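# Observations on chain architecture
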Amino acid sequence: MPHLSDRLPFVLCATLVQSPANLGSLCRTAEIFRLAELVLPSATVIDHWDFRRLAVSAQRWQPFSVCSPPQLPEWIKHRQRSGDSVYALTVSSQGIALP
């Protein structure tokens, strides 16, 4: 496995993405761009057929962690306290600003 120092210092948090297929696509994208980490809503999603079909084995190489949706506000605060900048993207018309 490549060293984390070989990766870009970006973390992609996909906690609120519900589709295993979309999560698989994001995993593959994160691996292609060599992002430091992908945050998934559950560790079990990597076993889902739709995830694996679109990740095309990227889950073997892409570092990931888990943050469930209820834990997300605290995860964001922790990252901000650690000095990380947090940006959120949404296509929802009901999106709200981060704290």
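Residues numbered from 1 in each chain as written. Predicted model: local features only at pLDDT ≥ 70, side-chain atom pairs only at ≥ 80, totals over all residues. Heavy atoms only, no water.

### Digging into the overall build of the chain
Scanning the chain from terminus to terminus reveals three helices and three strands. In the chain, the succession of helices and strands from N to C terminus is β-α-β-α-β-α. Against the compact-globule benchmark of 13 Å for 99 residues, the chain has a radius of gyration of 13 Å, which places it among compact chains. For the C-alpha atoms alone, the extent of the chain along its principal axes is close to 35 × 30 × 20 Å. Counting across all 99 residues of the chain, residues that qualify as buried make up 28%. The contacts in the chain between residues at least 6 apart in sequence include a share of 76% that link residues at least 24 apart. With an accessible surface of roughly 6800 Å², the chain has 59% of that area assigned to carbon and sulfur atoms. Positive and negative charge centroids in the chain, built from 9 and 7 side chains respectively, lie 2 Å apart. (Helix = DSSP H or I, 4+ residues; strand = E, 2+ residues; numbered from the N terminus. Rg over C-alpha atoms; globule rule 2.2 N^0.38 Å. Buried < 20%, exposed > 50% of the residue type's maximum accessible area, 1.4 Å probe, protein only. Contact = heavy atoms within 4.5 Å. Areas by Shrake-Rupley, 256 points an atom, 1.4 Å probe, with all protein chains shown as cover. Lys, Arg positive; Asp, Glu negative; His and termini not counted. Charge placed at Lys NZ, Arg CZ, Asp CG, Glu CD.)

### Considering the sheet that holds strand E2 (residues 35-40)
On the basis of which strands lie adjacent, the open sheet formed by three strands has the order E1-E2-E3 and parallel pairing. Across the chains shown, the open sheet's two edge strands, defined by having one partner strand only, are strand E1 (8-13) and strand E3 (64-66). Going from strand to strand, the sheet's axes swing by 20° on average, the running direction of each strand aside. Looking at chain direction, E1 and E2 are connected through four bridges and run parallel. Along E2, the bridge assignment pairs leucine 8 with leucine 35. With respect to the sheet, helix H3 (residues 72-81) is in contact with E1 and E2, its orientation differing from that of E1 by roughly 160°. (Pairing = 2+ DSSP bridges. Axes fitted to C-alpha atoms, helices over the stretch in contact; angles between N-to-C directions.)

### Some points on the nonpolar core
Core analysis: the largest hydrophobic core is formed by 10 residues, namely Ala14, Leu23, Cys27, Leu38, Leu40, Val45, Ile46, Phe51, Ala55 and Ala58. Apart from residues lying up to four places away in sequence, phenylalanine 51 is in contact with Pro20, Ala21, Leu23, Gly24, Cys27, Leu40, Val45, Ile46 and Gln59. Residues Cys67, Leu72, Trp75 and Ile76 belong to the second largest nonpolar core, which totals five residues. (Core = buried A, V, L, I, M, F, W, Y, C linked by side-chain atoms within 4.5 Å.)

### A word on the pattern of salt bridges
Tallying each qualifying case throughout the model produces five salt bridges. Glutamate 37 is paired through a salt bridge with arginine 79; the nearest N and O atoms lie 3.8 Å apart. Of this pair, glutamate 37 sits in strand E2 while arginine 79 sits in helix H3, and the two are 42 residues apart along the sequence. Arginine 79 gets classed as buried once you look at its relative accessible area, which sits at 19%. Residues aspartate 84 and arginine 79 are paired through a salt bridge, measuring 2.8 Å at the closest nitrogen-oxygen approach. Residues participating in the shared-partner salt-bridge network are Glu37, Arg79 and Asp84. (Salt bridge = Lys/Arg side-chain N within 4 Å of Asp/Glu carboxyl O.)

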